[in-house]
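Listed here are the chains, written in short residue letters.
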Amino acid sequence: MTATTNNEAQQFLGVFRYTRRAIELVWQTSRRLTLGLVLLTLVVGSLPAVAAYLGKLIVDAVLMAMQVYQTTGLVEYQPLLNYVLLEALILTCLSAAQRATTAHQALLRGLLGQKVNVMILEKAQTLALAQFEDSEFYDKLTRARREASTRPLALVNKTFSLLQNGIALASFSFLLIQFSPWVMLLLFVGALPVFIAETKFSGDAFQIFRFRSQETRTQIYLETLLAREDTIKEVKLFQLGDLLLGRYKSIFDKLFVENRHLILRRETWGFILGLLGTLTFYAAYAWVIFETVIGKITLGDMTMYLLVFKQGQTAVSASLTSVSGMYEDNLYLSNLYEYLEQPTPTESGQGNTGSQPGDGLRFEQVSFTYPGANKPALENINLHIKPGQSLALVGENGSGKTTLIKLLTRLYDPSTGRILLDGSNLKDWNPQALRQRVGVIFQDFVRYQFLVGENIGIGDISAFEDEERWHKAAKAGMADDFIQRMPEKYHTQLGRWFKGGQELSGGQWQKIALSRAFMREKADILVLDEPTSAMDAEAEAQMFDYFRSHTLNKMAILISHRFSTVRMADQIVLINQGQILEEGNHQELMQLNQRYAQLFNLQASGYR
Ligand SMILES: Nc1ncnc2c1ncn2[C@@H]1O[C@H](COP(=O)(O)OP(=O)(O)OP(=O)(O)O)[C@@H](O)[C@H]1O
């Protein structure tokens, strides 16, 4: 029994370990504001007791003045007026300090929110693609982003509020103890039950929050589907609105029932246990009145004790609420730190050149299984491409072509086997040096809502704003013609999110993506993953002529379902269910007269 209690207490206290980190975070965000907040807390904490004491002095002085008036008929205004003015001054200072606290908190909230968001986003840059595809990890990220940017400050505010109430209580105790130490005990006993209940309910609320992240994510996703320009088209045409909205509402209804249950329990218990506090207050009230009547204390003392007791009670329950709130904030912060402490994959390679420059790219017995998948997406792949050669990958949907490119670009590492560039394992290459040598346009390339020119410049970040390079790359990618016809040419905003944004057609976007590939002048491995599927036939033929003439010394890898394009490659690899089924050039594969020849003839007959 004792062991369990100890354990629970340890667990409870263990949760507070994030308080220190939250304070550090706030301190790093702005030392000046944090120091200001500490000073203000001291002021706001100590002034109420001074005001209460002055109140007592005023009442006593009034009584004295009344007696003087009754006996002498004179009214002594001056001392009374001084006290009243002093009290007014103190209350003005208190209200100024409270305002200043709010201002400090608001400023810190802004800065801290930004800092934490940047921390979350910076961390995201260091993570592997596989981590983003892992739903458990994604949950962590969503939870961290949703709550954690406001929680550190909330936690620090509560810590300060605890400090402030602590100071207030200490000063009240100083006054109250002169009446009786037992009154102090009454104060704490009255507030304790509410505190225990609050803490328990905070823990419950957090569990619900954590447990729910899957549902919350679904809700966010449905909201996106229902209200974004790139999805609303299908939602309308397929009349998905009611279906999606129905799902959205039913998730809310389910969560709401749980919420309501918790809210009702929390508030009902809060009220019942709060009654204990009220009871203790009135017990103390009666006691103080009694002592006044029998003349043990003055009327001024009575006013002061009642005020101090009432305020003390508020301070005790506020402190305890702060502690239970801190408990809740700590639980939420554990999310943020769980995310931030997620191990980062080590991309430790140092090499900037390979051991056999000019050897090109080799896949040796490469197999790869996606995390969580039960069968490999690629198996025993052996390939060799030399500089100046082009390779086409063909195969039905899901055969593993894109996966091969993901391994080549180290978005994933092979499960077994190795990939060599210029004789050195990709793992030994410096990731930056490797990525500079490879230019990839994936079929799901990103359509940035930036300027047209910037959308091309993205291909080489070192020349992101280099307009001459934009023009050159756009000419190569056959985008120059239509860009010249746009209202602001290369400076036309794309996408609908921003004012004056223009939308492009699917084929035009692909030309932009191709131009992006041509920006990578330094890259000597160029990969195009179905880049021309939305282009018209003439554009595609032109594009490949151009592509070949500009990649003569480079390695070009092309994924396409159009055999008219594929046939031009020096080497063609047919992949089937993750394995190489046939390889050779077009002629060899046609002579082999197997799967490639079949597929080629099938497509050719479609054109006849
Ligand atoms: N991120 C992923 N996680 C788990 N499995 C994946 C992932 N991406 C692809 N797969 C699976 O790996 C296999 C190969 O996919 P890949 O994208 O490489 O095919 P592909 O040949 O490029 O297809 P397509 O011609 O349709 O583009 C498929 O069975 C697919 O379901």
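Reading the values: rules and limits
- Counting restarts for each chain, with residues numbered from 1 along the sequence as it is written.
- Selection of residues for local features in this predicted model requires a pLDDT of at least 70, selection of side-chain atom pairs for listing and counting requires 80 or more, and totals for whole chains, interfaces and linings are taken over all residues.
- Heavy atoms from the whole structure form the basis of all side-chain values; hydrogens and water molecules are not counted.
- UniProt positions are given in the numbering used here, feature names are shortened, and annotations may be inferred rather than shown by experiment.
- A pair of strands counts as paired when DSSP detects no fewer than two bridges linking them.
- Note on conventions: DSSP H or I runs of at least 4 residues are helices, E runs of at least 2 residues are strands, and numbering of each starts at the N terminus.
- Axis definition: a line fitted to C-alpha atoms, limited for helices to the stretch in contact. Angles are taken between N-to-C directions and run from 0 to 180 degrees.
- Put simply, angles under 35 degrees are roughly parallel, angles over 145 are roughly antiparallel, angles from 65 to 115 are roughly perpendicular, and the rest are oblique.
- The crossing is said to be left-handed when, going from far helix to near helix, the turn is anticlockwise and less than a right angle, and right-handed when the turn is clockwise.
- Here a residue-residue contact requires only that any non-hydrogen atoms of the pair lie within 4.5 Å.
- For this scheme, ten residues count as nonpolar: Ala, Val, Leu, Ile, Met, Phe, Trp, Tyr, Cys and Pro. Four count as charged, namely Asp, Glu, Lys and Arg, and the remainder, Gly too, count as polar.
- Basic side-chain nitrogens of Lys or Arg form a salt bridge, by our definition, when they fall within 4 Å of a carboxyl oxygen of Asp or Glu.
- The rule is simple: take the accessible area with a 1.4 Å probe, protein chains only, and divide by the maximum for that residue type; under 20% is buried, over 50% is exposed, in between is partly exposed.
- For this purpose, a residue is taken to be near a molecule or strand whenever a single non-hydrogen atom of the residue falls within 4 Å of it.
- N or O atoms closer than or at 3.5 Å make up a polar contact, with two conditions inside protein: a donor-capable atom paired with an acceptor-capable one, and, for residues adjacent in sequence, both atoms drawn from side chains.
- Residue-level accessible areas treat just the shown protein chains as cover; the underlying method is Shrake-Rupley with a 1.4 Å probe.

In the nomenclature of an unreviewed UniProt entry, the protein is known as ABC transporter permease of Marinospirillum insulare. Per UniProt, the comment on the protein under Subcellular location (unreviewed entry) is "Cell membrane".

### Remarks on the pairing of strand β10 (residues 579-584)
Pairing between strand β9 (residues 571-576) and β10: 5 bridges, direction antiparallel. Bridge assignment links Val573 to a residue of β10, and that residue is Glu583. Connecting β9 to the next strand, β10, in antiparallel fashion are 2 residues, including Gln577 with a positive phi near 45 degrees.

### Observations regarding the packing of helix α3 (residues 31-72) against helix α7 (residues 151-176)
Across the interface, α3 lies against α7 with an axial gap of 9 Å and an inter-helix angle of 30 degrees. Between α3 and α7, the angle falls in the class roughly parallel. The handedness of the crossing between α3 and α7 comes out as right-handed. Contacts between α3 and α7 involve Thr34, Leu37, Val38, Thr41, Leu42, Val44, Gly45, Ser46, Pro48, Ala49 and Tyr53 on the former and, on the latter, Asn157, Phe160, Leu163, Gln164, Ile167, Ala168, Ser171, Phe172 and Leu175. For the contact of α3 with α7, the residue count by class is 13 nonpolar, 7 polar and no charged.

### Structural notes on the pattern of salt bridges
For side chains of opposite charge, pairing can occur when their charged atoms come near one another. Throughout the structure, instances matching the rule amount to 18 salt bridges. For the salt bridge of Arg410 with Asp413, the shortest nitrogen-to-oxygen distance reads 2.9 Å. A residue is classified by how much of its surface remains accessible, and Arg410, at 11% relative accessible area, is buried. Overall, the relative accessible area of 32% leaves Asp413 in the partly exposed class. The closest approach of N and O atoms between Glu521 and Arg469, which form a salt bridge, is 3.5 Å. One end of the pair, Glu521, is in the loop between α18 (506-519) and β7 (525-529); the other, Arg469, is in helix α16 (residues 467-476), and 52 residues separate them in sequence. Judged by its relative accessible area of 36%, Glu521 is partly exposed. A relative accessible area of 18% places Arg469 in the buried class. Counted as one network, the salt bridges with shared partners bring together Asp460, Arg469, Lys472 and Glu521.

### Some details on the site of the ligand
Looking at the ligand, there are 16 residues lining it, with Glu133, Gly398, Lys401, Thr402 and Thr403 nearest. Note that an oxygen atom of the ligand is positioned 2.8 Å from one of the side-chain N or O atoms of Lys401. In the model, an oxygen atom of the ligand is placed 2.4 Å from a nitrogen or oxygen of the Thr403 side chain. When the ligand sits alone it has 640 Å² of accessible area, and the protein chains cover 66% of it.

### Regarding the sheet that holds strand β3 (residues 390-394)
Here 6 strands make up an open sheet; going across it, the order is β6-β7-β8-β3-β9-β10 and the pairing mixed. Looking at the sheet topology across the chains shown, the edges are occupied by β6 (438-441) and β10. Across the sheet, the axes of successive neighbouring strands diverge by a mean angle of 15 degrees, strand direction being ignored. Strand direction decides the pairing type here: β7 and strand β8 (residues 555-559), joined by 5 bridges, are parallel. Across the sheet, Ile525 pairs through a bridge with Met555, a residue of β8. Running at roughly 150 degrees to β8, helix α13 (residues 401-408) makes contact with β3, β6, β7, β8 and β9 of the sheet.

### Considerations on the sheet that holds strand β1 (residues 361-368)
Two strands in a sheet stick together by hydrogen bonds in their backbones, pointing the same way (parallel) or opposite ways (antiparallel). Strand order in the open sheet formed by 4 strands is β2-β1-β4-β5, and the pairing between neighbours is antiparallel. Either end of the sheet is taken by a strand with one partner, and the two such strands are β2 (378-385) and β5 (424-425). Where strand β4 (residues 416-421) meets β5, 2 bridges bridge the pair, whose relative direction is antiparallel. Among the inter-strand pairings, Leu421 is bridged to a residue of β5, identified as Ser424. Against the sheet, α13 contacts β1, β2 and β4, and its axis sits at roughly 115 degrees relative to β1.

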